[in-house]
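# Breakdown of the fold
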Amino acid sequence: MFERVLGLPAHPLFIHAAVVLVPLLAVAGILYAVWPGARRHVRWTMIVLAVATPGAVFAAKESGEAFGESDNFQSAELQTKIEEHEGFGSTLFLVVLGLALVALVMAYLVRPLATDSVGPVVAHWALAGLTVVLGLAAFYYVFKAGDTGAHMVWEGF
């Protein structure tokens, strides 16, 4: 299912959605977490991104695994590079899944116009801190996955 789209390898097509949506979700989540004035502007965008981004990353990850299993990539050196790239992609999926879940919880618990709608301030800042950490981790892993993949492509496998 994830191997080809209209006869083309699916992975180069699917990664573009992940590369765009992951940073957008991270920025929206961090803004919502730390800047109360932005919440009413970012809330629905963050919710949509929290639903769409894990799917995009999952499609990129699965299509990459199908692409890497093709007969074109048999050398041991290339397999090592592919495994490193897949590791970043798998970690990215878990980080994005966590970020999406925290963003949805925040959208439910932290109302855009209310400053104390979470209840205890500690719970709010725990969610905010977790969002910032996961957002920064998402930036890191989307960069590392993209960088290792780009090096394989542009350095001729």
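Now for a description of the structure that goes with this document. Bear in mind that the values here come from a model prediction, so they are computed numbers and not experimental data. (Residues numbered from 1 in each chain as written. Predicted model: local features only at pLDDT ≥ 70, side-chain atom pairs only at ≥ 80, totals over all residues. Heavy atoms only, no water.)

### So, the packing of aromatic side chains
Under the definition given, this model contains three aromatic pairs. Ring centres of Phe58 and Phe93 lie 5.7 Å apart, and the angle between their planes is 50°; on these two criteria the pair is classed as tilted. With Phe58 in helix H2 (residues 39-68) and Phe93 in helix H3 (residues 76-109), this residue pair connects regions lying 35 residues apart in the sequence. Judged by relative accessible area, which is 34%, Phe58 ranks as partly exposed. Given a relative accessible area of 16%, Phe93 falls into the buried group. Ring centres of Tyr140 and Tyr141 lie 5.0 Å apart, and the angle between their planes is 80°; this geometry places the pair in the edge-to-face category. In this structure, Arg39 packs its charged tip against the face of Tyr32, placed 5.7 Å from the ring centre. Positioned above the aromatic ring of Trp44 is the side chain of Arg43, whose terminal nitrogen or guanidinium carbon lies 5.5 Å from the ring centre. (Phe/Tyr/Trp six-rings, centres within 6.5 Å; stacked < 30°, edge-to-face > 60°. Helix = DSSP H or I, 4+ residues; strand = E, 2+ residues; numbered from the N terminus. Buried < 20%, exposed > 50% of the residue type's maximum accessible area, 1.4 Å probe, protein only. Lys NZ or Arg CZ within 6 Å of the ring centre and 35° of its normal.)

### Points about the side chain of Thr148
Positionally, Thr148 belongs in helix H4 (residues 121-154). Thr148 sits in the buried class, given a relative accessible area of 11%. Leaving out residues up to four positions away in the same chain, Thr148 has contacts with Glu84, His85 and Phe88. (Contact = heavy atoms within 4.5 Å.)

### So, the packing of H2 against H3
Direction vectors running N to C along H2 and H3 enclose 160°, while the axes themselves pass 9 Å from each other. The angle between the axes of H2 and H3 places the two elements in the roughly antiparallel class. When you trace H2 past H3, the crossing you get is left-handed. Of the residues that constitute the contact of H2 with H3, the class distribution is 16 nonpolar, six polar and four charged. (Axes fitted to C-alpha atoms, helices over the stretch in contact; angles between N-to-C directions. Parallel < 35°, antiparallel > 145°, perpendicular 65-115°, else oblique. Left-handed = near helix turned anticlockwise from the far one by under 90°. Nonpolar A, V, L, I, M, F, W, Y, C, P; charged D, E, K, R; others polar.)

### Things to note about the packing of helix H1 (residues 10-34) against H2
The N-to-C vectors of H1 and H2 enclose an angle of 150°; their axes lie 7 Å apart at closest approach. In terms of axis orientation, H1 runs roughly antiparallel to H2. Regarding H1 and H2, the two cross each other, and that crossing is left-handed. Residues that form the contact of H1 with H2 fall into these classes: 23 nonpolar, five polar and two charged.

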